Amino acid sequence: MQILVVNCGSSSLKFAVIDPAARTEVVSGLAQRLGGQDASITWKDASGRKHEDMIPGGDHAKAMREVYEGLKARGLAGSIAGIGHRVVHGGQLFSASVVIDEQVEKGIEACFALGPLHNPPNLLGIRICKELFPGLRQVAVFDTAFHQTMPRHAYLYPVPYEWYEKHAVRKYGFHGTSHRFVSARTVGMLNLRGDDHAVIVAHLGNGCSATAIRNGKSVDTTMGLTPLEGLVMGTRSGDVDPALVAFMAERLGKDAAAITDLLNKKSGLIGLSGVSNDMRSLLAECDKGNERAKLAVEVFCYRLAKQIAALAVPLGRLDALAFTGGIGENSVPVRAKVVEHLRVLGLVLDPARNAANGRDSNGRITTDASVAALVVPTNEELVIALDTAGLVTV
Ligand code: ADP
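Attention here is on the structure that accompanies the text. Note that the structure is a prediction, hence the values are computed from the model and not measured. (Residues numbered from 1 in each chain as written. Predicted model: local features only at pLDDT ≥ 70, side-chain atom pairs only at ≥ 80, totals over all residues. Heavy atoms only, no water.)

## Regarding the site of the ligand
In the region of the ligand, the neighbouring residues are Gly 205, Asn 206, Gly 207, Asp 278, Met 279, Arg 280, Leu 283, Gly 325, Gly 326, Ile 327, Asn 330 and Ser 331. For the ligand, an oxygen atom lies 2.9 Å from a polar atom in the backbone of Met 279. At 2.9 Å from an oxygen atom of the ligand is found a main-chain nitrogen or oxygen belonging to Gly 326. In the complex, 69% of the free accessible area of the ligand, which totals 580 Å², lies under the protein chains. Elements with a minimum of two residues in the shell around the ligand: α10 (279–287) and α12 (325–330). In terms of residue count, α12 provides more of the shell around the ligand than any other element does, four residues in total. Each residue belonging to the shell around the ligand can be placed in one class, and the counts come to three nonpolar, seven polar and two charged. (Near = heavy atom within 4 Å. Polar contact = N/O pair within 3.5 Å; in protein donor to acceptor, adjacent residues only side chain to side chain. Areas by Shrake-Rupley, 256 points an atom, 1.4 Å probe, with all protein chains shown as cover. Helix = DSSP H or I, 4+ residues; strand = E, 2+ residues; numbered from the N terminus. Nonpolar A, V, L, I, M, F, W, Y, C, P; charged D, E, K, R; others polar.)

Structural data, given as structure tokens:
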């Protein structure tokens, strides 16, 4: 049995065929710049070989049809047992993955206001797949679902209560599939008790968030109503004084939406460094002595460490800190700085283990006597495939 995993973004469509039993990827790909004359679709087979086709002017429907035809040509279309869709915002309606029916489609639509950039293309992908694969069951896997276990005192903002009642203003959190997968792997790697563990996961990719997980449940997380809250990210500011929006709107003669856009797209690492939103490029700039790049990395690591320390509050203790995502899995100096800032929590870096990305030490990058910090590669596509397989075979 194989599962097709689909992640439909505003101008891109990521897909993968996954064998959930073997936990392997059979084929994957990415259609990008959809709608533009330079739209393309790239296929990557299991050996890593890539093949790109141009699809000038191709939209999501055209790209999905290319995927369908490509799967047929590879003899894979018949073995697909279900389709799993990444859906970003499930609001308060979805606390787990679900088989998609009309009610679920309506629910995803009801969350458009909360996820205006992501939910519409996510739903479009679902509708296109329904037409292309009419007999197949489809499953929605939500980024927000894992965080629905947060207690009220963690998810409510100290703002007028009617905002929550009338406008669903609260903390939702994102990257839930990654936090769920990585925390479960961490528990397994350290032989922690399933019913008694306290873990923090730092998912550091282009978007970054950290989550406190107590006994398999998210109890608090850094992202909020939108992914803008919390940690410093590639182009997002993370936490700032909310009064800054009106202040800069007045200074720049722009409206609140325009300033929020700048906080989302021109802030964080790119805003501070003026060089790049990409950690690998920034670290290369730091090596060349670029002071602004150094500053951006310092602020990133300092704020990350502070927010990780804050997440120890709902846990009461810390059994492990897991680093994941492109930065978490690969950026040796970032992990080193963060762990050094966290001595207060009992973390002591082992530089050799850290330099090897934890590969020689079952993920561990701290000394044996220290509280554990690990590198744990994430695999969101696999989680979507496993959830989908579980729901389409019952
Ligand atoms: P996304 O959130 O889009 O899935 P990724 O999880 O792939 O992103 O993470 C992208 C980030 O990981 C970028 O900032 C990139 O520079 C960083 N990264 C990837 N490899 C390395 C590396 N070897 N060293 C430092 N940073 C890296």
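After presenting the structure, the write-up continues.
## Details of the packing of aromatic side chains
One pass over the structure, following the stated rule, counts five aromatic pairs. On the basis of an interplanar angle of 85° and a centroid distance of 5.2 Å, the ring pair of Tyr 68 and Phe 133 is categorised as edge-to-face. Taken together, the residues Tyr 68 in helix α1 (residues 60–73) and Phe 133 in the loop between α3 (119–132) and β8 (137–142) connect sequence positions 65 residues apart. Measuring from ring centre to ring centre gives 4.3 Å for Phe 94 and Phe 142, while their planes differ by 10°; the resulting arrangement is stacked. Pair noted here: Phe 94 is in the loop between β6 (80–87) and β7 (98–99) and Phe 142 is in strand β8, with a separation of 48 residues, a long-range link. (Phe/Tyr/Trp six-rings, centres within 6.5 Å; stacked < 30°, edge-to-face > 60°.)

## Observations concerning the sheet that holds β6
If you walk across this open sheet you meet the eight strands as β5-β4-β3-β2-β1-β6-β8-β7, and the pairing is mixed. Lying at the two open borders of the sheet, with one neighbouring strand each, are β5 (50–54) and β7. Note: strand β1 (residues 2–8) against β6, five bridges, orientation parallel. Looking at the pairing, Val 5 lines up with Gly 84 of β6. Across the sheet, helix α15 (residues 380–392) touches β1, β2 (13–19), β6, β7 and β8, and the angle it forms with β6 is around 125°. (Pairing = 2+ DSSP bridges. Contact = heavy atoms within 4.5 Å. Axes fitted to C-alpha atoms, helices over the stretch in contact; angles between N-to-C directions.)

## Notes on the nonpolar core
One finds Leu 204, Phe 300, Ile 308, Phe 323 and Val 338 to be the most contacted residues of the largest nonpolar core, which totals 46 residues. Of all elements in the fold, only β9 (198–204), β10 (208–214), α10, α11 (291–315), β12 (320–324), α13 (332–341) and β13 (372–375) reach the threshold of two or more residues within this core. Here this core takes eleven residues from α11, the largest share from any one element. Apart from residues no more than four positions distant in its own chain, Leu 204 is found in contact with Leu 231, Phe 300, Leu 304, Phe 323, Thr 324, Gly 325, Gly 326, Ile 327 and Gly 328. (Core = buried A, V, L, I, M, F, W, Y, C linked by side-chain atoms within 4.5 Å. Buried < 20%, exposed > 50% of the residue type's maximum accessible area, 1.4 Å probe, protein only.)

## Some remarks on the pattern of salt bridges
Inspection of the entire model under this criterion finds 20 salt bridges. We note a salt bridge from Glu 105 to Lys 130, for which the minimum N-O separation is 2.6 Å. Here the residue Glu 105 occupies a position in helix α2 (residues 102–110), and Lys 130 occupies one in helix α3, the gap between them amounting to 25 residues. A residue is classified by how much of its surface remains accessible, and Glu 105, at 5% relative accessible area, is buried. (Salt bridge = Lys/Arg side-chain N within 4 Å of Asp/Glu carboxyl O.)

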